[in-house]
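# Observations on chain architecture
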Amino acid sequence: MDQTEHTHVTPPPYSLSIVEVVQNPGLGATLIWSATSGHYTEVAAAFPLHLAFLVLPMVLHFKTRSIISDTYKSSGLAKFAFKFKGHEDDLLAIHTRALLLRTLTLDSLSAAFASNLLSLDYTNASVLPTRVRGRPPQTQNIESMLDAATKLGHWFARLPLRQITSMLRVEL
């Protein structure tokens with residue numbers, strides 16, 4: 001057998017980068033569902049649709065997720081934002097990431113609706129989780145992301161939209 005036949009390797013047709021593996025609509029759907037579940041657990045109300053566009057930029061970014069994880073749920077969004085004192089550029093970067101991840105957020109919302117994780121309330125431009133408990137076991141890293149998303153949902157539930165966008169310095 002000729003040696004050259006074994007050295008030619010055809011790449012798989014759908015090879016994914018590590019970014020594509022992590023930033024996929026399935027994971028995004030689960031993270032947005034987790035945030036809406038946290039929100040619903042806090043106030044028993046629908047999650048404003050535009051806040052979904054903040055979940056992935058905050059949870060998928062390691063440093064931001066670490067600050068969320070290190071902030072007590074009871075401390076709220078104000079304490080989270082305060083932790084950026086001295087490096088406000090990192091807080092301002094949430095807005096830039098929200099713009100960059102719009103397509104992923106839209107794809108994630110579509111996946112969440114298609115898989116019945118979320119339902120859409122057209123009249124109020126909000127989403128509701130179809131269930132608030134019973135997430136399947138995940139890896140430790142995914143659990144960390146889900147916990148951070150749930151905490152964001154709780155924090156967002158406690159504040160009016162205007163105050164959330166002001167604290168995070170984002171425009172929605």
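Above this note sits the structure.
Figured I'd write up the structure that's included with this text. This structure is a prediction, so every number in the text was calculated from the model and none was measured.

### Some words on the packing of aromatic side chains
- The full count for this structure, using the stated rule, is three aromatic pairs.
- Between F47 and F156, the ring centres sit 6.3 Å apart and the planes meet at 35 degrees, which makes this aromatic pair tilted. One end of the pair, F47, is in strand β1 (residues 47-48); the other, F156, is in helix α9 (residues 140-157), and 109 residues separate them in sequence.
- The class for F156 is buried, based on a relative accessible area of 1%.
- Judged by centre distance (5.1 Å) and plane angle (75 degrees), the rings of F80 and F84 are edge-to-face. Of the two residues examined, F80 and F84, each falls in the buried class.

### Some points on the pattern of salt bridges
- Taken as a whole and assessed by the stated rule, the structure comprises two salt bridges.
- Residue E42 pairs with R158 through a salt bridge whose shortest N-O separation is 3.1 Å. One end of the pair, E42, is in helix α3 (residues 25-43); the other, R158, is in the loop between α9 and α10 (161-168), and 116 residues separate them in sequence.
- The exposure class of E42 is partly exposed, given its relative accessible area of 31%.
- A salt bridge links D90 to K63, with the nearest nitrogen and oxygen atoms 2.8 Å apart. In this pair, D90 sits in helix α7 (residues 88-100) while K63 sits in helix α5 (residues 62-69), placing the two residues 27 residues apart along the sequence.

### Remarks on unusual backbone geometry
- A positive phi is found at A44, a non-glycine position, where the angle reads about 50 degrees.
- Take A44: it is sitting in the loop between α3 and β1.
- Of note, the phi angle at A125 is positive, near 50 degrees, even though the residue is not glycine.
- Secondary-structure assignment places A125 in the loop between β2 (118-121) and β3 (126-129).
- Relative accessible area serves as the criterion here: at 36%, A125 is assigned to the partly exposed category.

### With respect to the packing of α5 against α9
- Orientation of α5 relative to α9, taken along the N-to-C sense of each, is 65 degrees, at an axis distance of 9 Å. Seen along the crossing, α5 lies across α9 with a hand that is left-handed. Residues R65, I68 and S69 of α5 form the contact with α9, whose participating residues are N141, S144, M145, A148, K151, L152 and W155.
- Here the residues of the contact of α5 with α9 are counted per class, giving five nonpolar, three polar and two charged.

About the cut-offs
- Counting restarts for each chain, with residues numbered from 1 along the sequence as it is written.
- For this predicted model, a pLDDT threshold of at least 70 governs which residues receive local features, and a threshold of 80 or more governs which side-chain atom pairs are given and counted, while totals over whole chains, interfaces and linings are taken from all residues.
- Excluded from the side-chain calculation are hydrogens and water; included are all heavy atoms of the structure.
- Working definition: rings of Phe, Tyr and Trp (its six-membered ring) pair if their centres are within 6.5 Å, and the pair is stacked with planes under 30 degrees apart, edge-to-face with planes over 60 apart, and tilted otherwise.
- In this text, helices come from DSSP runs of H or I with a minimum length of four residues, and strands from runs of E with a minimum of two, each type numbered from the N-terminal end.
- Burial classification: accessible surface area is computed with a 1.4 Å probe over protein chains only, and a residue below 20% of its type maximum counts as buried, one above 50% as exposed, and the rest as partly exposed.
- The salt bridge definition used is simple: a Lys or Arg side-chain nitrogen within 4 Å of an Asp or Glu carboxyl oxygen.
- Fitting a line to C-alpha atoms yields each axis, with helices limited to the stretch in contact; the angle taken between N-to-C directions then spans 0 to 180 degrees.
- Helix crossings fall into two classes, left-handed where the near helix is turned counterclockwise from the far one by less than a right angle and right-handed where it is turned clockwise.
- Only heavy atoms matter for contacts: two residues are in contact if any of them lie within 4.5 Å across the pair.
- Amino acid classes used here: Ala, Val, Leu, Ile, Met, Phe, Trp, Tyr, Cys and Pro are nonpolar; Asp, Glu, Lys and Arg are charged; the rest, including Gly, are polar.

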